[in-house]
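Residue-level structure breakdown
The lines below spell out each chain.
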Amino acid sequence: MPTFPPASLGSPDAVPASWTHRHLLDLERLTADEIRLLLDTAARFKEATHGCRRKLSVLGGRTICNLFFENSTRTKTSFSLAARRLGADVVDFSASGSSLSKGESFIDTAKNLEAMGIDAVVVRHTTPGTPHLLAQHLDVGIINAGDGPHEHPTQGLLDIFSIRERLGDLAGVTVGLVGDIAHSRTARSNIHGLLKLGARVIVCGPPTLVSPRWRELGVEVSHDLDAIVPVCDVLNLLRIQFERQNTRPFPSVREYAHLYAMTAERMERARPGLLILAPGPINRGVEVSAEVADCPQSLILDQVTNGLAVRMAVLWLVCGPRGDASTTTTGDDGRGI
Ligand code: ASP
């Protein structure tokens, strides 16, 4: 079996001392160096597992609990496979059929799972801040797998990882985030991560889904996809989050697609090497045409593979063995959201 991590990331049997967090709650409060450490660790896991296909045993004896209160295809499977690729056990908690329906509180349920000896919880919930709340009440590592429209840090990391793998340093790279910015946790995590690494970020979509207030985060705002296509190196095409909207933000899906779908015709006006990303699930014909989704510049399936590498890195940093120097934690106990 290949060994991990290589000496450059610290002692061979401990998480590097420069990683001081107990949890991964969001990208907003990570530093650029911490994001780089996550990406470098993911790159090395990808290599050590021969493209995320082989197993290591670095988390042998650890148990990861998936606590998903919202639908998921990629993220839950990806976390489970990543944990197994590192030798950990995985247990899936399903909210339907649990004692939550008998009136048990969310925290009591989580504390019961903790009492069974798990080492980390991967949580997805419709309510923003749920992972941060768990981090205040449990003593195990908490990993945010999407909290409502707030953040989806591993999605942001895998998007950035996929761009960096193709283009190298993010400094000076122009990334357009197109679509439902208002309700997208993927957008928020991308914005925080990309800006910290020096990228230029343009958010684009209809005025009902892209408020001028996004400028306060340091991004540019556009409502005209045709205007931004020629200046972008990367377009990340975000799904319309109908499940989070009370009223429809545009008259018809057809009209939205006419203005904001990335099509073969628009590709002709793009920079030659424009990269296409989409977090999935994709809706062909809405945010992206089938030709663009399947074109050689599309990284959509690379993102899925890279998601495994990123989640291996996160699981390792959150529950891998710690040397003496890294036992102190910074203020990531969930307070402050
Ligand atoms: N899979 C991503 C998420 O869970 C993006 C999406 O659902 O559109 O946020």
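What you see is a predicted model, and the numbers here were worked out from it, not measured in a lab.

1. Comments concerning the site of the ligand
By nearness alone, every residue bordering the ligand is listed as Arg124, His152, Arg185, Thr186, Arg239, Gln241, Gly280 and Pro281. In this structure, an oxygen atom belonging to the ligand sits 3.2 Å away from a side-chain N or O atom of Arg124. Contact distances for the ligand include 2.8 Å between an oxygen atom and a side-chain N or O atom of Arg185. In isolation the ligand has 260 Å² of accessible area, and contact with the protein removes 91% of it.

2. Quick look at the environment of Ile118
Following the sequence through the fold, Ile118 ends up in the loop between helix H3 (106-115) and strand S3 (120-125). With a relative accessible area of 8%, Ile118 lands in the buried category. In sequence terms Ile118 and Ala88 are 30 residues apart; their C-alpha atoms lie 10 Å from each other. If we skip the residues at most four places from it in the chain, Ile118 touches Thr63, Cys65, Val91, Leu113 and Val140.

3. Focus: the pairing of strand S6 (residues 200-204)
Where burial is concerned, most of S6 is hidden: 4 out of the 5 residues are buried. Note that strand S5 (residues 174-178) and S6 share 5 bridges and pair parallel. When the bridges of S6 are listed, Thr174 appears paired with Arg200. For the crossover from S5 across helix H6 (residues 185-196) to S6, the handedness is right-handed. Of the strand pairs in this sheet, S6 and strand S7 (residues 220-222) are connected by 3 bridges, and their pairing is parallel. Its bridge partner being in S7, Val203 is matched across the sheet by Val221.

4. Some points on the environment of Ala82
Its place among the elements puts Ala82 in helix H2 (residues 74-85). Contacts of Ala82, omitting those with residues within four sequence positions, involve Leu308, Arg311, Met312 and Leu315.

5. Looking at the packing of aromatic side chains
Two aromatic rings are characterised by how far apart their centres lie and by the angle between their planes. All chains considered together, the criterion is met by 5 aromatic pairs. Taking the centre distance of 5.3 Å and the plane angle of 35° together, the rings of Tyr256 and Tyr260 count as tilted. A residue pair is termed a helical-turn pair when its members lie 3 or 4 positions apart in one helix, as Tyr256 and Tyr260 do in helix H8 (residues 253-260) at 4 residues. Residue Tyr256 shares its accessibility class with Tyr260, and that shared class is buried. Across the ring face of Phe79, the terminal group of Arg311 is positioned such that the distance to the ring centre comes to 5.1 Å.

What counts and how
- Residues numbered from 1 in each chain as written.
- Predicted model: local features only at pLDDT ≥ 70, side-chain atom pairs only at ≥ 80, totals over all residues.
- Heavy atoms only, no water.
- Near = heavy atom within 4 Å.
- Polar contact = N/O pair within 3.5 Å; in protein donor to acceptor, adjacent residues only side chain to side chain.
- Areas by Shrake-Rupley, 256 points an atom, 1.4 Å probe, with all protein chains shown as cover.
- Helix = DSSP H or I, 4+ residues; strand = E, 2+ residues; numbered from the N terminus.
- Buried < 20%, exposed > 50% of the residue type's maximum accessible area, 1.4 Å probe, protein only.
- Contact = heavy atoms within 4.5 Å.
- Pairing = 2+ DSSP bridges.
- Right-handed = clockwise from strand over helix to strand, strands pointing away.
- Phe/Tyr/Trp six-rings, centres within 6.5 Å; stacked < 30°, edge-to-face > 60°.
- Lys NZ or Arg CZ within 6 Å of the ring centre and 35° of its normal.

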